[in-house]
Each structure stands twice: as C-alpha cells, then as structure tokens.
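This is what each chain is made of:
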Amino acid sequence: MSPVYYDNTFDRLNEAYENSKIRSKRVCIVGDTNTAPLYAEAVEKAINSHFDEVFIFTFKAGEEHKNLGSIEELYAFLLEHHFDRHDSLLALGGGVVGDMTGFAAATYKRGISFVQVPTTLLAMVDSSIGGKTGVDFMGYKNMVGAFHMPEFVYENPSVLRTLDDDQFASGMGEVLKSALLGDEEFFEWILDNMDGIIEHEPETILEMVRRTADIKLSIVERDPTEKGERALLNLGHTIGHAIEKYMNFNMSHGKCVALGCIAAAAISEKRGFLGTDELFEIRDMCVAFDLPMFADGINNDEILRITKEDKKMAAGKIRFILLDRIGHAFICDDLTDEDLLAGIKFINGDEISYED
Ligand SMILES: NC(=O)c1ccc[n+]([C@@H]2O[C@H](COP(=O)([O-])OP(=O)(O)OC[C@H]3O[C@@H](n4cnc5c(N)ncnc54)[C@H](O)[C@@H]3O)[C@@H](O)[C@H]2O)c1
C-alpha cells in the first residue's frame with residue numbers, strides 16, 4: 001500500500017520523494033483551474049531540489065471535464081514535452097484531478113508513476129487512497145478506468161482553508177461514513193471534537209483526516225481489488241447514488257452519502273440490528289456538519305427504482321451495507337423492497353412516528 005504523509009505544510013514533500021522509488025528528473029504537476037493557481041507554485045518550490053524540470057498542466061475544473069477528451073489533452077502535453085516511462089505525474093486537486101491524473105498515469109506509455117496530493121477533504125479521506133482511477137463516459141460515472149496505486153499520498157489539510165463550505169461538508173459525509181462503518185471510538189472523537197472541526201482548527205482537522213484515511217487504508221490493504229470487505233466502504237452509497245442521480249447531481253456527493261447512511265441506519269434499525277437511539281444519534285450528528293437529515297420531496301418509488309438499477313447488485317440482488325452498531329458494518333444481500341422503502345421513507349421525513 002502507498003505510504004501516506006500527513007503535514008499541515010508542504011515541507012516534507014521532498015522527503016516523501018526521497019523515500020519513494022521515484023528517481024526520474026522530470027515531473028508534471030497536474031492541477032485544475034482552481035487548484036493550480038492556488039498551490040502549484042508552493043508544490044513546485046517544495047520539490048524543486050528533487051527534479052531537474054517541473055512542468056505544470058491544468059485541467060478545466062469540474063466533473064463535467066472528467067472525460068477522455070481531457071485525458072487526451074494531458075497525453076498530448078506529455079508527448080510534446082517528451083515524457084518517457086521514467087517520468088512521473090503529481091495530482092494536485094480534488095477527486096476529479098486525482099482520478100484523471102491517476103488514469104493518465106496508468107495508461108501513458110503503458111503506465112508511469114504518480115503521486116497524490118489531494119486538496120479537498122473528500123479526496124484526502126477517500127479518493128486519493130486505494131488506487132481507483134478513471135473518467136466518466138457517455139453519461140456514466142467512472143465507466144472507464146484502472147487500478148493504479150500512487151507511489152505515495154501527501155496530505156496537507158492546510159489547503160482546505162480555501163475550499164468552500166459545501167465541499168467541506170461533502171467531505172464530512174465521507175468522514176462520518178468511515179467512522180460509522182469502521183471505528184466507534186473515532187465516532188465518539190468526532191462528537192467530542194465537533195467545535196474544533198467546525199472551526200477548522202488545524203491540528204483537529206489533521207487528526208480527523210489521518211483517522212479517516214486510516215480506516216480506508218486498512219480495509220483496502222486487506223482487499224485491494226474489491227473482492228469482499230472493500231464493499232463495506234459503500235455504506236450509504238447505494239441509496240446515496242440514487243439520490244444523487246434523482247437530484248441531477250445538484251446535491252454534493254458527500255451530502256447524498258450522508259443521507260444514504262441515515263437510510264442504511266434506518267433499515268438496520270428496522271431489521272433489529274441497530275438501536276433506535278443510535279439511529280437518531282447518527283441522524284442528529286449530520287446537522288452539526290451542515291449535512292442534510294432529510295431529502296425533502298423525493299419520490300420514494302423513484303428512488304427505489306434507481307437504487308435497484310445501481311451497479312452494486314450481485315446476481316440480481318442488492319448488495320447493501322448495514323450497521324450492527326456504530327463502528328461496525330456488514331454486507332447484507334437479502335433486503336426486500338419493503339426494507340429499502342423504509343429507509344427511503346425515513347430520509348423523506350415520512351417515518352415520524354418515533355418522535356411522537
Ligand atoms: N477514486 C476513488 O476511489 C474515488 C472515491 C470517491 C470519489 N471519487 C471521485 O472524486 C470526484 C469528486 O471529488 P471532489 O469532491 O474532490 O471534487 P472536485 O475534484 O471536483 O473538487 C471540487 C471543487 O473544489 C475545487 N478545489 C479543490 N481543492 C480546492 C482547494 N483546496 N481550494 C479551493 N478549491 C478547491 C476544485 O477545483 C473543484 O472545483 C468524483 O469524480 C468521484 O467520482 C473517486
């Protein structure tokens with residue numbers, strides 16, 4: 001598994017290169033139209049002594065540019081500058097830049113090295129870890145891609161100060177998901193450190209990023225190609241994706257995942273795995289981090305239909321992730337439509353009898 005460095009500066013980036021296998025003399029920093037102007041210069045300065053030549057390539061920011069056309073532009077840039085198999089890339093951005101840079105690295109000249117320097121909370125705790133790369137194709141998300149591990153990941157949460165609140169909240173959706181599926185003590189830590197997180201206190205955010213990333217790292221280490229346990233990371237994603245599609249991608253991914261986690265918790269409670277108190281604790285925690293508790297006005301049957309269409313079905317059955325307590329998830333493949341609808345109704349605010 002790729003080593004991960006955590007530091008609130010870029011000061012140790014050079015050391016990370018020294019410790020890596022990357023010995024090429026040329027590197028291309030790949031950012032987007034937001035991240036490159038903000039941070040490419042600082043990164044370049046930090047790694048200058050390791051490389052003879054540092055190039056900068058900039059994608060247009062946004063999921064709508066996560067496609068093969070953008071990848072072709074990067075290939076052309078690399079060819080133009082005579083990048084060979086020993087040269088490497090550095091992804092400086094959120095999940096979109098990370099996924100595209102990783103995919104270009106996986107395929108350019110049959111594969112070159114790359115490193116991840118994530119700049120969104122979501123990318124720090126999720127997309128930069130685990131080696132999944134790819135682009136969207138013909139309206140389908142991440143349809144074309146490859147597993148390609150970065151040489152290392154360098155997490156500098158100080159860059160989150162320029163991230164907008166909606167993107168930060170989106171990342172918090174993945175943080176809560178990780179705590180819920182893998183670490184009860186961390187869930188309690190989040191509750192205890194709520195103020196520091198909301199205030200973006202640097203050491204608190206660093207610790208939160210590290211602990212969340214650790215949960216994904218340990219799961220991916222045991223199951224790198226998603227044959228089993230890695231599916232647990234999909235907690236909240238099945239109904240979450242359905243909401244994302246239903247909302248025409250107008251609600252951020254992490255917010256939809258948070259709603260998906262609440263729905264999964266409601267189903268877990270209905271099936272007798274999770275206590276009612278825990279269900280409400282999970283739901284109420286979302287409010288503090290600007291995550292929704294309800295998806296007002298969704299059409300329950302339509303969300304059910306989209307959920308069942310989701311790619312995470314095994315042999316016609318929905319592979320769903322449930323909780324048997326806060327901090328522990330399991331795979332369930334015998335959910336009925338009625339179970340799913342109960343979860344969907346709960347986040348639609350239909351199931352209010354608990355509060356009577
Ligand atoms: N590979 C994986 O395992 C994996 C996992 C989860 C998600 N993803 C992918 O990640 C993508 C979403 O990633 P995202 O949420 O990071 O979105 P993103 O990369 O689009 O970044 C969100 C926005 O924030 C801007 N930005 C990034 N860092 C900034 C900073 N520090 N300051 C100011 N602006 C900044 C970006 O330019 C962009 O406009 C999706 O395409 C999704 O498919 C991949």
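Residues numbered from 1 in each chain as written. Predicted model: local features only at pLDDT ≥ 70, side-chain atom pairs only at ≥ 80, totals over all residues.

Q: How would you sum up the nonpolar core? Please name residues and give values.
A: With 105 residues, the main nonpolar core has V30, V43, L90, L92 and I262 as its most contacted residues. The element that contributes the greatest number of residues to this core is helix α11 (residues 253–270), accounting for eleven residues. Shared between two domains, this core takes at least three residues from each, and those domains are domain 1 (4–161) and domain 2 (174–355). Beyond its immediate chain neighbours, meaning those up to four positions away, I262 contacts I282, R283, C286, M293, F346 and I347. (Core = buried A, V, L, I, M, F, W, Y, C linked by C-beta atoms within 7 Å. Buried ≥ 20, exposed ≤ 12 C-beta atoms within 10 Å, placed from the backbone. Helix = DSSP H or I, 4+ residues; strand = E, 2+ residues; numbered from the N terminus. Domains from an automatic or database assignment. Contact = placed C-beta atoms within 7 Å.)

Q: Account for the environment of S268, naming residues and giving values.
A: Relative to the helices and strands, S268 resides in helix α11. For S268, a count of 26 C-beta atoms within 10 Å puts it in the buried group. S268 sits 171 residues away from V97 along the chain, and the two C-alpha atoms are 35 Å apart. Those residues in contact with S268 that lie beyond four places of it in its chain are F273, L274, L322, L323 and D324.

Q: So what's going on with the packing of helix α6 (residues 165–182) against helix α9 (residues 202–222)? Which residues, and what values?
A: One can describe the packing of α6 onto α9 by two numbers: an axis separation of 10 Å at closest approach and a directional angle of 55 degrees. Between α6 and α9, the angle falls in the class oblique. Here α6 runs over α9; the crossing is left-handed. Where α6 approaches α9, its residues V175, S178 and G182 are matched on the opposing element by M208, T212, I215, K216 and I219. (Axes fitted to C-alpha atoms, helices over the stretch in contact; angles between N-to-C directions. Parallel < 35°, antiparallel > 145°, perpendicular 65-115°, else oblique. Left-handed = near helix turned anticlockwise from the far one by under 90°.)

Q: Provide a residue-level description of the pairing of strand β2 (residues 26–32), including the pertinent values.
A: Of all seven residues that make up β2, six are buried, and the element is covered over most of its length. Sheet analysis places β2 next to strand β3 (residues 53–59), joined by seven bridges and oriented parallel. Opposite R26, over in β3, you have E53 as the bridge partner. The parallel pair β2 and β3, bridged by helix α2 (residues 35–47), forms a crossover whose chirality is right-handed. (Pairing = 2+ DSSP bridges. Right-handed = clockwise from strand over helix to strand, strands pointing away.)

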